[in-house]
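Single-letter residue listing:
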Amino acid sequence: MLFCFILWTACLFFCFHYTSCNNVINVGVIFDPDQFEGGVNWNVISDNLDKDFQFRTPEIKYIDKPDSFEATNMLCQMSDTETGLAAVFGPRNSLTSNSLESACSFLNIPYMLSSWRPRTATESDVTFNLYPEATLLSQAYATVVQSLDWDTFVIIYDDEEGLIKLQDVLKLQEHDENAVKNTMMLTKLDPSGDSRHILKKIRNTSMSRIVLDCPLDKILNVLEQAKEVKLLADFTTSFFLTSLDAHTLDFSSLNTKSNITTVRLFDPSNENFQKNVQQYYPETEPSEITVEQALMHDAMLLLTYSLNNAKKTQEEEVLEYEGKSCSSLEKYEDTLGVIAALKEVELSDGLTGPVHLMNGKREDFRLEVIEIDKQDKPIGIWESERPDAIYLTRNATEREAEIKNRLQNHKFIVTSRIGPPYLFEDRDKEVAGNARYYGYSMDLIGEIAKLLNITFEFQITKDNSPRNLAIDLIERNADLAICDFTITPERREIIDFSMPFMTLGIGILHKKAETDEEANMYGFLGPLSTVVWLYIGALYLLMSFLLVFISRMSTEDWENPHPCDQNPSELENIWDLKNCCWLTLGSITTQGCDILPKGVCSRLATASWWFFSLIITSSYTANLAAFLTMSRKDDSIDSVEELATQSKVKYGCLKGGSTASFFEKSNNSLYQRMWNNMAMDKAVFEDSNAKGVERIQSTKNALYAFFMESTGIEYELERKCDLRRIGNLLDSKSYGIGMPMNADYRHSINSAVLKLQETGKLIELKEKWWKKEREGEPCPSDAPENTDALALENVGGVFLVLGVCIGLAFVIAILEFLWNVHNVSVEEHISYLEALKVELKFACNIFITKKRVKPLLSESSSTKSDDSSKPNVGILNGAASFLNINTSIIHKLGSTEELNKRSSTRTRKSSSTMRE
Ligand code: GLU
């Protein structure tokens, strides 16, 4: 009973004491409706206040919608009480907050804030905002973006305040004036909440680095939508979240390996932090504490420390708070010195690190840059003392190694095109997946996969068109593009390429001229056209006939057959058809003739024939050399200029490839002209190089040429011997592995390609697919083209003519011989066989040079005769037979001397042998 009395008396005393000394602390709290759902533990204040104070847990007032009048009203009511207000904790909304701020300024009540607000021209000195100062924070964001090496990125913002928040990031674009560097795109989230169309648009620009500024509760939604439209693709997209609370989100639902970076003000795994959270927010996980909550906690601490300090500096025992009315005519003073104390006080044990406000702003703070999937270790530290720098906790090699680790066992989707020798498809196989494909590209990615310990899956791009390869990468349908994928400036703007793995240039593939053996063999006929040959032939015959008639009419051509006989009984004309033919032939072949006409008219006719022959043979001879040389070179095209300046041979290239765009975009007038020609006739384009090659081969008379990359040409020339490459390469470029812009793995792929190059693997692969993997023998190398020697094929016809003529002569000789045998058998009255035997024996004995007029049957095998006076009947017979001289005349001539004499006389007189 006595104990109860003492306790009651003590309580009464304390109540009286506190009420009377007015050390009661009231704080006003006016919040936005959604603020601090997790609750605020006001015990932070009571626990840290001096024992002399009595802290009353405030009643939190919420403002349903931004309304400055209502907010001010609330504040005035709270303030105009007996104990007044020691401080006011304000809302986030800037409209409400600004009116409360000016009311607090009038009443001289500390106004505590824990949310972002832009720097304003008119600053109130009663406002204490623990949220990092806006301009410094903006600088921090810019420094982070720079440290991430982002030169091209998109800023996605939720409202205009976001742009103020990111003003220094926006300024980055001016950092590099000359370069395309720091290209940024600004886009606002759709207020409806569905921003898929915006995100899709971003994806199609191939921008893969995104700064996302939006409230915490929208972040996951936006990222999910980004994932739906494939903007949030593994290893190829990077997000930077500006929210200082982003680390509190659970990103596991996204199931992404994308690079998501953010900044945080405190480390939830810090020991002190955890201890404090445990003490004041035992219900909450340290990782769930938001910045606002932590800042509120620190603001309460700051206020209590200031109250304690203010009380210490006061002479009185108590801090006499009194009610302040908004209707007062005069502005209130900081009589208790709390505001002054707030400006001085430094907090070392805050949840958000040390706090010291300068002019009510937090200008001294530190941010940790973290990747959401590795929150235990920040990747960089930013400090307000050096706002332009960032301390990176890992170097490039470590980062590379980390990425490599993350890449392990990631299944890369490889987009490619079917086309030899890069990729072949085994159509017979029922097997799905990679087993269907083989070729250079397959081997190349196989080697890279071995080096990086990754897995991959091949897929063929739509329509097998090179144009769709880049689209696959932009749309994040593939991670890599491997085939004969040319690095072009246009493509480099939208996708990344690895180091080149092959160099090449555009060449022209054409068919070799179809060699016409026969035409070449009779090349000697070429200098004159067929018609001219026919005319010459006809004229030759006509002339020979005419000469016969002319000479028969000419009296001088009728000669005495026996010059010794002064009064011959008859005259002879040697100009029969055979002799005339001989004369005309001798003239046109420039060999001359041993008999010549004597008559004026016949000589005139002969001379005119000579003149004709002279011109014809000279023209023929002059043309012959040039013609033989020319005829060996086909009339095909040998350079791109020749191809461009003719219209007979059509030319084309692969549709939608880099070769087509080379011509399309070229500034060279020649190539422009060629492109116009090609564009006019769309049929010259082909869907694949293989079809182009097929068309070259199947087009008759080599009337189609195909522009192709030199590596492909090389491959085809190894296998298709009827093809040839025309001229030099038109340009020089390389193949690379295509990747989405700024993909995390580009350095790994690059170093793998470099390694394959260093170890000679790339050469080995090329050798394998270009030379070794073949059916049949390689094409024989062509004979050097520049040799001037004529081959047998070029002059074969001349040999043939000679052979035929000799053969003909031989046949005639045999017939004549047989006829002679017949004559001998008749004259000598011996059997034909006997005569043949004797004559044959004689003819075959090449040592006998003289022959009896009449064969001695007993001397059928007569030896070489000593009788030199006997005429050489064999020889005479031969000569006579051609000139059609009757052999009996020769026999009559008797001796060799006489014969010789007659012969010389005949020559001198230009007469021919006589016919009996
Ligand atoms: N390599 C080319 C490309 O990547 C395709 C072949 C060509 O155009 O000749 O577009």
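Values in this document were obtained by computation on a predicted structure and should not be read as measured data. (Residues numbered from 1 in each chain as written. Predicted model: local features only at pLDDT ≥ 70, side-chain atom pairs only at ≥ 80, totals over all residues. Heavy atoms only, no water.)

(A) Summary view of the pattern of salt bridges. Under the counting rule described, the total for this entry stands at 44 salt bridges. A salt bridge links R695 to E686, with the nearest nitrogen and oxygen atoms 2.9 Å apart. The exposure class of E686 is buried, given its relative accessible area of 13%. (Salt bridge = Lys/Arg side-chain N within 4 Å of Asp/Glu carboxyl O. Buried < 20%, exposed > 50% of the residue type's maximum accessible area, 1.4 Å probe, protein only.)

(B) Region of the structure containing unusual backbone geometry. Of note, the bond from P420 into P421 is cis; its omega dihedral lies within 30 degrees of zero at 0°. Mapped onto the elements, P421 comes out in the loop between strand 18 (411–416) and strand 19 (424–425). Positive phi is not limited to glycine here, since D149 has a value of about 70°. Locating D149 in the fold gives a position in the loop between helix 5 (134–147) and strand 7 (152–157). Overall, D149 belongs to the exposed group, its relative accessible area being 61%. The backbone phi angle of N742 is positive, close to 60°, even though this residue is not glycine. Here N742 lies in the loop between strand 32 (738–740) and helix 26 (746–758). Of the residues examined, N742 reaches a relative accessible area of 10% and is grouped as buried. (Helix = DSSP H or I, 4+ residues; strand = E, 2+ residues; numbered from the N terminus.)

(C) Here's a closer look at helix 25 (residues 710–719). The buried fraction of helix 25 amounts to seven of the 10 residues, a majority that puts the element mostly inside the structure. All of the buried residues along helix 25 are S710, T711, G712, I713, Y715, E716 and E718.

(D) Spatial organisation of the packing of aromatic side chains. Applying the stated rule across the entire model yields 29 aromatic pairs. With a centroid separation of 6.5 Å and 70° between ring planes, the pair formed by F235 and Y745 is classed as edge-to-face. With a gap of 510 residues between them, F235 in the loop between helix 9 (216–228) and strand 10 (238–241) and Y745 in the loop between strand 32 and helix 26 connect regions that are remote in the sequence. We note that F235, like Y745, is buried. Ring centres of F456 and F458 lie 6.1 Å apart, and the angle between their planes is 80°; on these two criteria the pair is classed as edge-to-face. Both residues of the pair, F456 and F458, count as buried. Through pairs of rings, three or more aromatic residues link up here, namely Y422, Y440, F501, Y715, Y735 and W770. Note that K165 overlies the ring of W116, its terminal NZ or CZ placed 5.6 Å from the centroid. Just above the ring of Y704 sits the side chain of R695; from NZ or CZ to the centre is 4.1 Å. (Phe/Tyr/Trp six-rings, centres within 6.5 Å; stacked < 30°, edge-to-face > 60°. Lys NZ or Arg CZ within 6 Å of the ring centre and 35° of its normal.)

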